[in-house]
Amino acid sequence: AKAAAAKAAAAQGPSKGGGVEIKKEEDVPGWYEQVITKAELIEQYPVKGCFILRPWSYRIWELVQRWFDGKIKDLGVENCYFPMFIPKCYMEKESDHLDDFAPELAMVTKFGNSELDEPVAIRPTSETAMYAAYSNWVQSHRDLPIKLNQWCSVVRWEVKQTTPFLRTREFLWQEGHTAFADKAAAEKEVLDILELYALVYEHLMAIPVVRGTKTKAETFPGADYTTTVEAFIPATGRAIQGATSHHLGQNFSKMFEIQFQDPADPSGKRKEYAHQNSWGITQRTIGVMAMVHGDNKGLVLPPRIACFQVVIVGVGLKASSSDEEKHQVRAKCMDYYMKLSSADVRVKIDDSDHSPGWKFNYWEMKGVPLRLEVGPMDIQKGQFVMAKRNILDSKAGKVVGQDGSVVADVRRVLDDIQQELYSGALAERDARLASINEWKDFSPQLNAGKMVLVPFCGDKECEEKIKEKSKEEAADVEVAGGLKMGAKSLCVPIENKYNVDCPWKCILPDCASGKKVERRTLFGRSY
């Protein structure tokens, strides 16, 4: 009944007068569903686990895409497109790869009433689809590096609980696939891309992330190692994988015979295999942003990825206002619009016939970072009022701007909002990050909604025991869907600030690996 009520409330979007009726602090899943629906990010779709991305959310994805695409082109990456259908024989070439994706692999087995001679998989990722072509293209070291990326959708037939943006059966992403003649260049790119992913979250989304390397248990199947950026959602006390950059080594190049004549061999007979990477980021970014910054009024968009950074609303007009006053307000709104848009500020004038209060609520729900209020009294004073979306207090969140410096004033406040959102999210994340050395402190900190930095040997069996023990000790702590959840390893942080005074012994009391611990590992409950 509770879920049905949430869906019914979500159907009443802001344009129909409905606000957020579920408080974030009381029911995060219900709140999240209402916000992303009422803010017009998504619409439901009859296929389970699939959702319509409305223009408001797709525009955010376009802004992320535009920024990241420019950055990878600076690194020499080119865009391409490979078919979404992958022959089963390609998938079977890498057994670990196939085994990992098999439970969620969608297969096409027939067309019309006829069976296909060979079933084809719908792309879950494109390593196997692309590397057969790479083997045809590479004959000499001069044919390398290959640096390709494609923007596309993939299908992973999730059987778990699906959540819009965070875990869906079809999702948008980019996937980069590169091949190098030497290992050092490949490994450098892994970290270059990882840093770009970190900046998508920190620079664009105003969300702090931990850069790290996955443990063996969490490494991408077929990769030598996986690097990751891990975000945190304070409202649920759960981490979420933000994006991954994998060093595949020579595993796939040996399977697909991506090889070239070794230039160091004078006989010309010795062959060398390419060193490969793959890397990807998805529409999950939008869901993480909504969960971290959203409040009980709706979305809160960081200015750098806001569809509109500024909405201009005329105020202070009454039925008794003169035509001249109405004209002055309209003309001044248009004046500000022209100045801001010509300065590359994404701006919208709301000149609809709704009341100012309705407009305020509507654009607050949709998360527009800054509202300009322009009224007859403001015009007389040569000023305007700026209302910051991230601060709902009517006094603290309002700033007066001057008519003669509208562009400079707006840009300054937008920069302030971006920094305030990041600083707030960072402070909240850091307050939920605990460094511990003994098992007795593990579950109490985890159950308090924190991530924990612990000495960990990296052994797969130990990791499974930690997951089971923390699940048993979860007490009454529940996650979305009412399921108890153990902790998993998130990453081994790269930055030294997360590795202070690390003991040499694994935190698991009955650890039998005998391995000496060198760095702390970040554990937490995760989406």
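Keep in mind that this is a model prediction, so the values were computed, not measured.

## What about the packing of helix H3 (residues 55-74) against helix H9 (residues 284-293)?
Contact pair H3 / H9: the axes reach a minimum separation of 10 Å and the direction vectors enclose 110°. When the axis of H3 is compared with that of H9, the two are roughly perpendicular. Residues Ser57, Ile60 and Trp61 of H3 touch H9, and the partners they reach there are Thr285, Ile286 and Met289. In terms of residue class, the contact of H3 with H9 is built from four nonpolar, two polar and no charged.

## Describing the packing of aromatic side chains
One pass over the structure, following the stated rule, counts 20 aromatic pairs. A connected cluster of aromatic rings, assembled from ring pairs, spans Phe82, Tyr90, Tyr131, Tyr134, Trp137, Phe252 and Phe256. Above the ring of Tyr527, the side-chain terminus of Arg238 is found at 3.8 Å from the ring centroid. In this arrangement the basic side chain of Lys366 is found over the ring face of Trp56, its NZ or CZ atom lying 4.2 Å from the centre.

## Here we look at the environment of Val300
Inspection of the secondary structure assignment puts Val300 in the loop between H9 and strand S15 (310-314). The exposure class assigned to Val300 is buried, which follows from its relative accessible area of 3%. Distance in space between the C-alpha atoms of Val300 and Trp173 is 23 Å, their sequence separation being 127 residues. The residues contacting Val300, other than those within four sequence positions of it, are Met289, His293, Gly294, Asp295, Gly367, Arg389, Asn390 and Leu421.

## Considerations on the sheet that holds S15
Taking strand neighbours across the sheet as the criterion, the five strands line up as S16-S15-S17-S18-S19 in an open arrangement whose pairing is mixed. A single partner strand is all that each edge strand has here, and the edge strands are strand S16 (347-349) and strand S19 (398-402). With strand direction ignored, the average angle separating the axes of adjacent strands in the sheet is 25°. Across five bridges, S15 lies against strand S17 (residues 370-374) in parallel orientation. The residue of S17 that forms the bridge with Val310 is Leu370. Contacting S15, S16 and S17, helix H11 (residues 356-365) runs over the sheet at an angle of about 170° to S15.

## Re the domain arrangement of the protein
One widely used convention gives an interface's size as the accessible area the parts lose upon coming together. Parsing the protein into structural domains produces domain 1 (55-285), domain 2 (310-417) and domain 3 (432-524). Computed from C-alpha atoms alone, the centre-to-centre distance between domain 1 and domain 3 is 28 Å. Taken together, the contact pairs 20 residues of domain 1 with 21 residues of domain 3. Summed over both sides, the interface between domain 1 and domain 3 buries roughly 1700 Å², with carbon and sulfur atoms accounting for 62% of that surface. Where domain 1 packs against domain 3, one counts two salt bridges. Among the ionic pairs, Lys488 bridges to Glu218, the shortest N-O distance being 3.4 Å. Between domain 1 and domain 3 we count seven residue pairs in polar contact (both at pLDDT 80 or more) in total. Elements that contribute at least two residues to the side of domain 1 that touches domain 3 include exactly helix H7 (183-204), strand S9 (210-213), strand S10 (225-233) and strand S11 (238-249).

Procedures and definitions
Residues numbered from 1 in each chain as written. Predicted model: local features only at pLDDT ≥ 70, side-chain atom pairs only at ≥ 80, totals over all residues. Heavy atoms only, no water. Axes fitted to C-alpha atoms, helices over the stretch in contact; angles between N-to-C directions. Helix = DSSP H or I, 4+ residues; strand = E, 2+ residues; numbered from the N terminus. Parallel < 35°, antiparallel > 145°, perpendicular 65-115°, else oblique. Contact = heavy atoms within 4.5 Å. Nonpolar A, V, L, I, M, F, W, Y, C, P; charged D, E, K, R; others polar. Phe/Tyr/Trp six-rings, centres within 6.5 Å; stacked < 30°, edge-to-face > 60°. Lys NZ or Arg CZ within 6 Å of the ring centre and 35° of its normal. Buried < 20%, exposed > 50% of the residue type's maximum accessible area, 1.4 Å probe, protein only. Pairing = 2+ DSSP bridges. Domains from an automatic or database assignment. Buried area = accessible area lost by both parts, 1.4 Å probe. Salt bridge = Lys/Arg side-chain N within 4 Å of Asp/Glu carboxyl O. Polar contact = N/O pair within 3.5 Å; in protein donor to acceptor, adjacent residues only side chain to side chain.

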